[in-house]
Amino acid sequence: MIEKKITVKIASGLEARPVALFVQVASQFESNIYVEMQDKKVNAKSIMGMMSLGVLEGEDITISADGTDEEKAINELEKYLSEDK
């Protein structure tokens, strides 16, 4: 299992469209992937779960992945969150 703290750099934060794209990226991997923010932990492959976090630009989230492609999953999600859309 890998965990990584990432600062969201998407100008609009994780609103509807960026969340949908984030979930698409996460869903490409076999690993179980979770996003934590403050006291909430949600499945990264769940649009409703991700929307419930209300992540804004500049906020820190922790992504954890557990599975055969966990390292690649973390790297791709970090890349997605670090690009300004």
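Before reading on, note that the structure itself is shown above.
The following paragraphs examine the structure supplied in this document. Note that the coordinates shown come from a computational prediction; the quantities given were computed from them, not determined experimentally.

Cut-offs and rules
Residues numbered from 1 in each chain as written. Predicted model: local features only at pLDDT ≥ 70, side-chain atom pairs only at ≥ 80, totals over all residues. Heavy atoms only, no water. Helix = DSSP H or I, 4+ residues; strand = E, 2+ residues; numbered from the N terminus. Buried < 20%, exposed > 50% of the residue type's maximum accessible area, 1.4 Å probe, protein only. Contact = heavy atoms within 4.5 Å. Areas by Shrake-Rupley, 256 points an atom, 1.4 Å probe, with all protein chains shown as cover. Lys, Arg positive; Asp, Glu negative; His and termini not counted. Charge placed at Lys NZ, Arg CZ, Asp CG, Glu CD. Pairing = 2+ DSSP bridges. Axes fitted to C-alpha atoms, helices over the stretch in contact; angles between N-to-C directions. Salt bridge = Lys/Arg side-chain N within 4 Å of Asp/Glu carboxyl O. Core = buried A, V, L, I, M, F, W, Y, C linked by side-chain atoms within 4.5 Å.

1. Section: the overall build of the protein
Then comes step 1: When its secondary structure is counted, the protein shows 3 helices and 4 strands.
Then comes step 2: For the protein, the α and β elements follow one another from N to C terminus as β-α-β-β-α-β-α.
Then comes step 3: Along the three orthogonal principal directions, the C-alpha set of the protein runs to about 30 × 25 × 20 Å.
Then comes step 4: Here the protein, with 85 residues, has 39% of them falling under the buried criterion.
Then comes step 5: Long-range pairs, those at least 24 residues apart, make up 69% of the contacts in the protein between residues at least 6 apart in sequence.
Then comes step 6: Summed over all atoms, the accessible surface of the protein reaches about 4,800 Å², with 46% contributed by carbon and sulfur.
Then comes step 7: Of note, the protein has its 10 positive side-chain charges centred 3 Å away from the centre of its 16 negative side-chain charges.

2. Remarks on the sheet that holds strand β3 (residues 40-43)
Then comes step 1: Spatially, β1-β4-β2-β3 is the arrangement adopted by the 4 strands of the open sheet, whose pairing is antiparallel. Lying at the two open borders of the sheet, with one neighbouring strand each, are β1 (2-7) and β3. The sheet shows a mean angle of 25 degrees between the axes of neighbouring strands, direction not considered.

3. Focus: the pattern of salt bridges
Then comes step 1: Under the defined criterion, the tally for this structure stands at 1 salt bridge.
Then comes step 2: A salt bridge links Lys-4 to Glu-78, with the nearest nitrogen and oxygen atoms 2.8 Å apart. Placement of Lys-4 in strand β1 and of Glu-78 in helix α3 (residues 70-82) is noted, with a sequence separation of 74 residues between them.

4. A few points about the nonpolar core
Then comes step 1: Within the largest apolar cluster, 26 residues are counted, with the highest numbers of intra-cluster contacts made by Phe-22, Ile-33, Val-35, Met-50, Ile-61, Ile-63 and Leu-81.
Then comes step 2: Counting residues per element, the ones that place at least two in this core are α1 (16-27), β2 (32-37), α2 (47-53), β4 (60-66) and α3.
Then comes step 3: With residues up to four places along the chain from it excluded, the contact list for Leu-81 reads Ile-6, Thr-7, Val-8, Lys-9, Ile-10, Leu-14, Phe-22, Ile-61 and Ile-63.

5. Let's talk about the side chain of Ser-64
Then comes step 1: Secondary-structure assignment places Ser-64 in strand β4.
Then comes step 2: Take Ser-64: its relative accessible area is 2%, and that puts it in the buried class.

6. Details of the environment of Ala-65
Then comes step 1: Its place among the elements puts Ala-65 in strand β4.
Then comes step 2: Separated by 12 residues in sequence, Ala-65 and Leu-77 place their C-alpha atoms 10 Å apart.
Then comes step 3: Leaving out residues up to four positions away in the same chain, Ala-65 has contacts with Met-1, Ile-2, Ser-31, Asn-32, Ile-33, Glu-70 and Ile-74.

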